[in-house]
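Given next are the chains, with one letter for each unit.
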Amino acid sequence: MTYRPNEPIRQRLGLRPIINVSGTMTALGASIIVPEAIEAMSEIASQWVEMDDLQRKANTVVARLTGGEAGFITACCAAGISMAVAGTMTGTNLLAIERLPDDIEGLKNEVIVQLGHIVNYGAPVDQSARLAGATVVPAGTVSITQDYHVREAIRDRTAAGLYVVTHHSVQYGMLSLEEFAAICHEKGVPVIVDAASEYDLTGFLARGADVVIYSGHKFLGGPTSGIVAGRKDLVRAAYLQNRGLARAMKVGKETVAGAMAALEAWEKRDHAGIRRREEAALEVWRAALAGRPGIDAYVIPDPTNNPLDRLQVDVGPDSGYTAAGLAAALASASPPIMVRNHEVERGHFFLDPCNLHPGEEHTVAEALVALLEAPTRPANAMMVPRKNSAALLAWPD
Ligand SMILES: *Cc1c(COP(=O)(O)O)cnc(C)c1O
């Protein structure tokens, strides 16, 4: 199947034909859905199916790919966290499932999370636990967690430990998954791992997680979805939340079928070939930026060791831009180019090659060169980024 990067639907809807060098971003549409998933979704769309049976089939696929005893598909990773946490509170008590999140009498309801893991990926991760009616108990400080911070926090009311794997979290001074899991397991507390955008489908369960949750729409290239995998009793208790709070996180047959197809496509994907194309894109950008005044560009590995490199672009005043100013100019280019700008106040952004349509790497290089070689600079070229929610609050205007 060939993709046309400027497919007519965006024109028809009046949407900008953006190029994504930002990463797998919910705000930019989450993923390029792989052809196998698109096909499965469109095939099942007009058919009746028994959803529990469809999820039984998903269970088999998820278990095979993750090494977990069981698994299912839900709306997204955030939904999966709420469901897994709720499952550790209710077990298979169907009445307790209907009573969540406010009536928690008699249930364990505390979830321990290292403070350096309480991140915002677009929403606060602790809110997923709070949605289930859990109380989040932060362990340690932002810069360090010791074993006793977790061990001594565990008590009768502790339902679970939540461990978050992400570039957003503090990358030093935290307990490793092995350490965190060992402490929780000493006291019989299950460990839920948020591995939303991690490529490693087997490693977290192998290293001590009891339940692991992935986004189906990040590296997997599935439809917007979440994948829950792990210990069968905990997965079952999480799945049963579909009769309760997860009704508000309903997953459709097309999503389940699409996520299953994306998982199976992942098994067969030419990972080495994709890596080579990503490396070639990085080289195109590095070469385009080499020797330009005020610009320093170099390849850096992924912070959580996913098999993915990015180009870090340091932007100094000799370029006539700040990092924020150059990112804004790219976002206003034609076509608009969205860079990875979550650290832009530190004077750099990243170019992420993992969501390109063929040839787009050259469009990005040309836009960079054009902006840096232009005789004049846009008015906001030297802008300093400020936190400002005015644009958010103006929606839908
Ligand atoms: C993206 C992300 C999530 C949310 O995943 P969704 O599937 O979009 O709900 C949760 N945790 C982390 C660390 C993430 O990166």
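Here, every reference points to the structure presented above.
Remember, predicted model here, so these are calculated numbers, not experimental data.

*Asks:* Give me the overall build of the protein chain: which residues, what numbers.
*Replies:* In terms of helices and strands, the protein chain carries 15 helices and 12 strands. Against the 2.2 N^0.38 benchmark of 21 Å for 397 residues, the protein chain shows a C-alpha radius of gyration of 22 Å, consistent with a compact globule. Its C-alpha atoms give the protein chain principal-axis dimensions of roughly 70 × 50 × 45 Å. Every one of the 397 residues in the protein chain was classed for burial, and the buried ones make up 51%. Counted over contacts in the protein chain with a minimum sequence separation of 6, partners at least 24 positions apart contribute 72%.

*Asks:* Break down the site of the ligand for me, with residues and values.
*Replies:* Neighbouring the ligand are Thr26, Cys76, Cys77, Ala78, Tyr121, Thr166, Asp194, Ala196, Ser197, Ser215, His217 and Lys218. A distance of 2.7 Å is found between an oxygen atom of the ligand and a backbone nitrogen or oxygen belonging to Cys77. The side chain of Ser215 places a nitrogen or oxygen atom 2.7 Å from an oxygen atom of the ligand. Relative to its unbound accessible surface of 380 Å², the ligand loses 92% to contact with the protein. Split by residue class, the shell around the ligand holds 5 nonpolar, 5 polar and 2 charged.

*Asks:* Talk me through the nonpolar core; I want residue IDs and the actual numbers.
*Replies:* Soluble globular proteins: nonpolar side chains tend toward being buried together. Ranked by size, the top nonpolar core spans 50 residues in total, and within it Val150, Val193 and Phe204 carry the most contacts. For this core, the element with the most residues is helix α11 (residues 253–268), which contributes 9 residues. Counting residues in each nonpolar core, the second largest holds 38 residues, with Met89, Val136, Leu162 and Ala196 among its members.

*Asks:* I'd like a description of the environment of Arg247, backed by residues and values.
*Replies:* For Arg247, the position within the fold is in the loop between α10 (232–239) and α11. When the C-alpha positions of Arg247 and His348 are compared, they lie 42 Å apart, and in sequence the two are 101 residues distant. With residues near it in sequence (within four places) discarded, Arg247 still touches Gln241 and Asn242.

*Asks:* Explain the pairing of strand β10 (residues 309–315) to me, and be specific about the residues and the numbers.
*Replies:* A regular strand places its side chains so that they alternate between the two faces of the sheet. Of all 7 residues that make up β10, 6 are buried, and the element is covered over most of its length. The pairing of strand β9 (residues 295–301) with β10 spans 7 bridges and is antiparallel. Bridge pairing links Asp296 to Asp314 in β10. As judged from the 4 bridges shared by β10 and strand β12 (residues 348–351), these two strands associate in the antiparallel manner. Counterpart to Gln312 in the pairing with β12 is Phe350.

*Asks:* Could you give me a rundown of the sheet that holds β10, with the residues and numbers involved?
*Replies:* The strands that make up a sheet pair up through hydrogen bonds in the backbone, lying either parallel or antiparallel. Strand order in the open sheet formed by 3 strands is β9-β10-β12, with antiparallel pairing between adjacent strands. The open sheet has two edge strands with one neighbour each: β9 and β12. Sheet twist, expressed as the mean angle between neighbouring strand axes with direction ignored, is 30°. Across the sheet, helix α12 (residues 271–289) touches β9, β10 and β12, and the angle it forms with β10 is around 15°.

*Asks:* Tell me about helix α2 (residues 35–44), and please be specific about residues and values.
*Replies:* Given 3.6 residues per turn, any residue in an α-helix points the same way as the ones three and four places further on. Three or more residues of α2 are buried, namely Ala37, Ala40, Met41 and Ile44. The buried residues of α2 occupy an angular sector of 100° when the element is viewed end-on, so they sit on one face. Of the residues in α2, the exposed ones pointing more than 90 degrees away from the buried face are Glu39, Ser42 and Glu43. Of the surrounding secondary structure, the elements contacted by the buried residues of α2 are α3 (51–66) and α11.

*Asks:* So what's going on with the pairing of strand β7 (residues 211–215)? Residues and values would help.
*Replies:* Within β7, 5 of the 5 residues are buried, leaving the element largely enclosed by the surrounding structure. With 3 bridges joining them, strand β6 (residues 191–194) and β7 adopt parallel strand pairing. Paired with Ile192 across the strands is Val211, a residue of β7. Note that β7 and strand β8 (residues 226–230) share 5 bridges and pair antiparallel.

*Asks:* Got a sec to walk through the packing of aromatic side chains? Specific residues and values, please.
*Replies:* Inspection of the entire model under this criterion finds 6 aromatic pairs. Geometrically, the ring pair formed by Phe72 and Tyr239 is edge-to-face, given 5.4 Å between the ring centres and 65° between the ring planes. Taken together, the positions of Phe72 in strand β2 (residues 70–74) and Tyr239 in helix α10 put the pair 167 residues apart, joining distant regions of the chain. Here the aromatic rings of Tyr163 and Phe180 are separated by 5.5 Å at their centres, their planes lie at 55°, and the arrangement is tilted. On the criterion of sequence distance, the pair formed by Tyr163 in strand β5 (residues 158–164) and Phe180 in helix α8 (residues 177–186) is long-range, its members being 17 residues apart. Both residues of the pair, Tyr163 and Phe180, belong to the buried class. Connected via pairs of aromatic rings, a cluster forms that spans Tyr199, Tyr214, Phe219 and Trp266. Over the ring of Trp48 we find Lys253, and its NZ or CZ is 5.9 Å from the ring centre.

*Asks:* Can you break down the pattern of salt bridges residue by residue, with the values?
*Replies:* Pairing between side chains becomes possible if they bear opposite charge and their charged atoms approach one another. Here the structure, examined in full by the defined rule, presents 19 salt bridges. For the salt bridge of Arg130 with Asp126, the shortest nitrogen-to-oxygen distance reads 3.0 Å. On the criterion of helical spacing, the pair formed by Arg130 and Asp126 is a turn pair, its members being 4 residues apart in helix α6 (residues 125–131). Of the residues examined, Asp126 reaches a relative accessible area of 15% and is grouped as buried. In this structure, Arg275 engages Asp309 in a salt bridge whose closest nitrogen and oxygen atoms are separated by 3.2 Å.

Parameters and conventions
- Every chain's residues receive numbers from 1 upward, in the order its sequence appears when written.
- Only residues with pLDDT of at least 70 get local features here, since the model is predicted, and only at 80 or more are side-chain atom pairs given and counted; chain-wide, interface and lining totals rely on the full set of residues.
- For the side-chain quantities, the full set of heavy atoms in the structure was used; hydrogens and water were omitted.
- Where helices and strands are cited, they refer to DSSP runs of H or I of at least four residues and of E of at least two residues respectively, numbered from the N terminus.
- Here the globule rule reads 2.2 Å times residues to the power 0.38, and the radius of gyration is calculated from C-alpha atoms.
- Burial status follows relative accessibility: with a 1.4 Å probe on protein chains alone, a residue under 20% of its type maximum counts as buried, one over 50% as exposed, and anything between as partly exposed.
- For this analysis, residues touch if any pair of their heavy atoms sits within 4.5 Å.
- Proximity is defined per residue: any heavy atom of the residue falling within 4 Å of a molecule or strand makes that residue near it.
- Residues adjacent in sequence count toward polar contacts only when both atoms are side-chain atoms; beyond that, a polar contact is any pair of N or O atoms within 3.5 Å, and within protein one must be able to donate a hydrogen and the other to accept it.
- Under the convention used here, a 1.4 Å probe and the Shrake-Rupley method define accessible areas, while residue burial counts only the protein chains that appear.
- Gly is put with the polar residues, along with every residue not named as nonpolar or charged; the nonpolar set is Ala, Val, Leu, Ile, Met, Phe, Trp, Tyr, Cys and Pro, and the charged set is Asp, Glu, Lys and Arg.
- The set of buried Ala, Val, Leu, Ile, Met, Phe, Trp, Tyr and Cys residues whose side-chain atoms join them within 4.5 Å is what this entry labels a nonpolar core.
- In this description, strands pair whenever DSSP reports at least two bridges between them.
- Here, axes are lines fitted to C-alpha atoms. For helices the fit covers the stretch in contact, and angles between N-to-C directions go from 0 to 180 degrees.
- As used here, the arc is the angular range of directions from the helix axis to the C-beta atoms.
- Between the rings of Phe, Tyr and Trp (Trp by its six-membered ring), a pair exists once the centres lie within 6.5 Å; its type follows the angle of the planes, with under 30 degrees stacked, over 60 edge-to-face, and the other angles tilted.
- Only Lys NZ and Arg CZ are tested; either one counts as a charge over a ring when it is within 6 Å of the ring centre and within 35 degrees of the ring normal.
- By definition here, a salt bridge exists when the distance from a side-chain nitrogen of Lys or Arg to a carboxyl oxygen of Asp or Glu is within 4 Å.

Bear in mind that shape data such as this cannot, by itself, settle questions of function.
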